[in-house]
Amino acid sequence: MPPPRTREKALRHRLAELRGPEVQAKALDARALAALAANPGCRRRAILDGAGVDKARLASALGAPSVFGQSQFAFVRGNAFEAKVKADGGTELLRLAHEKLDRSAEPPAGASVPDLTAQGPEGRAARTALALREATGASGTWTLLDHPMLALDVAGSPAFLEPDAVIVHPDGSWSVVEIKSFPMLDGSADPAKVGAAARQAAVYVLALEEVAARLGPPARVRHRILLVCPKDFSNLPTASAVDVRKQRAVTARQLTRLTRIQEIADALPEDVCFSPELPAEQLAAAVESVPATYAPECLSSCELAFHCRERSREAGAVTCLGRPVRAELGGLSTVGEVLAAARGEAGDPEDPAVAALRRAAALRAEALAAREVAGCR
């Protein structure tokens, strides 16, 4: 077996081939990781994200462009709000952290904001780890890390993540900060958006825990994150503490279920390439060479969802109906198999799913017959 460095180099070379010549890799962020963890059985998304393929461009090249994403206006507004929150050395941000997360500590005054500049993501991740070590050792002071770089192992490959901020408390514990541009109205925000922010923050918590584990003794990573949003309809910041223990546990469990990217890459033909510059037919064949696990939930989190939904419908896959329905149908994987089982043409009568389908079909037939009799009268 070749040494680890040789294997990693070979994998990077193979992923670059899959991405396409001269195509820049798209970094895997926490939002994409949270979506990937929500559907760990999807090999297609795993290899595309691992190779750094721009799925939005890929979907457009396949004729099924995605329709979600952040508008340019929202992007500019979010950046302006984040700059306001972090102004003056993060004074307001640290005040909110003290108020919502750590009232028992001394109020922040003269907090440290270390320089995290370094060459490349690996260098920035190393510089961040050093800054966290130094801040943890400097007990009694607050430290704000602005856009630190964290590394998280995902399916055997490192993913570099950049949270909005990380705060080191006077007791040496660490907290993740998420800054969002959606408003908090009367102290509460849209539950769906808060949930998405919590799942994203859970990824950062997992990455911080990997850094903390390398310290001696390990630092404590808090599972209550600071969510900062505009207050009501103004541009003034307000905050809320969000417990992400559940999201962290789910994400950690799902990430361990991901098939290793090396295994997926090794199973692909040598000539497979996902470059959007390829002819549509060749590109479609390359995408179809990797199995997908489509579910309706993909529509809100994956750029390839429309393409995968179309292929899933063409194949008559029951996954189009949602995961709960798929779970109830057991070994029946296509709509054709379900209808045949309901009509008594196929399936094991001892199978609970088959028995339930036949009973439902019989009840439907009885109801239709009763309606016809009533109509005749």
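Residues numbered from 1 in each chain as written. Predicted model: local features only at pLDDT ≥ 70, side-chain atom pairs only at ≥ 80, totals over all residues. Heavy atoms only, no water.

The protein chain goes by Secreted protein in an unreviewed UniProt entry, where it is assigned to Streptomyces composti.

Among the surface-exposed residues, Glu263, Asp266, Glu270 and Asp271 lie close enough to one another that they form a single negatively charged patch. Considering the arrangement of structural elements, one finds Asp271 in the loop between helix H10 (261–267) and helix H11 (280–288). In this structure Asp271 comes out as exposed when scored by relative accessible area, which is 64%. (Patch = residues over 30% accessible without salt bridge, like charges linked within 9 Å, V, L, I, M, F, W, Y side chains within 5 Å. Areas by Shrake-Rupley, 256 points an atom, 1.4 Å probe, with all protein chains shown as cover. Salt bridge = Lys/Arg side-chain N within 4 Å of Asp/Glu carboxyl O. Lys, Arg positive; Asp, Glu negative; His and termini not counted. Charge placed at Lys NZ, Arg CZ, Asp CG, Glu CD. Helix = DSSP H or I, 4+ residues; strand = E, 2+ residues; numbered from the N terminus. Buried < 20%, exposed > 50% of the residue type's maximum accessible area, 1.4 Å probe, protein only.)

Time to look at the domain arrangement of the protein chain. We note that the domain assignment places domain 1 (4–67 + 256–291), domain 2 (72–243) and domain 3 (323–376) within the protein chain. Using only C-alpha atoms to locate each centre, domain 1 and domain 3 end up separated by 39 Å. (Domains from an automatic or database assignment.)

So, on to the sheet that holds strand E7 (residues 237–243). Strands sit in the order E1-E4-E5-E6-E7 across an open sheet of five strands; the sheet is mixed. Every interior strand has two partners, whereas the edge strands, strand E1 (143–146) and E7, have only one. On average, each strand axis in the sheet is tilted by 25° relative to the strand beside it, whichever way the strands run. Relative to strand E6 (residues 224–230), strand E5 (residues 174–179) runs parallel, the two being bridged by three bridges. Along E6, the bridge assignment pairs Val177 with Leu226. The strands that helix H5 (residues 72–85) touches are E5, E6 and E7; relative to E6, the one it contacts most, it runs at about 115°. Where helix H8 (residues 191–213) meets the sheet, its contacts fall on strand E4 (165–168), E5, E6 and E7, and the angle it forms with E5 comes to roughly 145°. (Pairing = 2+ DSSP bridges. Axes fitted to C-alpha atoms, helices over the stretch in contact; angles between N-to-C directions. Contact = heavy atoms within 4.5 Å.)

Along the polypeptide, Leu145 turns up in strand E1. Here Leu145 falls in the buried class, since its relative accessible area comes to 0%. Between the alpha carbons of Leu145 and Val166 there is a distance of 5.1 Å; along the sequence they are 21 residues apart. Residue contacts for Leu145: discarding those within four places in its chain leaves Pro114, Leu116, Thr128, Ala131, Leu132, Asp164, Ala165, Val166 and Val168.

Quick look at the pattern of salt bridges now. By the definition in use, this model includes 23 salt bridges. A salt bridge links Lys55 to Glu303, with the shortest nitrogen-to-oxygen separation between them at 3.6 Å. A residue pair is termed long-range when its members are at least 10 positions apart, and Lys55 in helix H4 (residues 55–61) and Glu303 in the loop between H11 and helix H12 (305–314) qualify at 248 residues. The burial state of Lys55 is the same as that of Glu303; both residues are buried. When the shortest N-O distance is used, the salt bridge between Lys86 and Glu82 registers 2.7 Å. Both residues of the pair, Lys86 and Glu82, belong to the buried class. Several salt bridges share partner residues, and in doing so they unite Arg44, Glu288, Glu310, Arg311 and Glu314 into one network.

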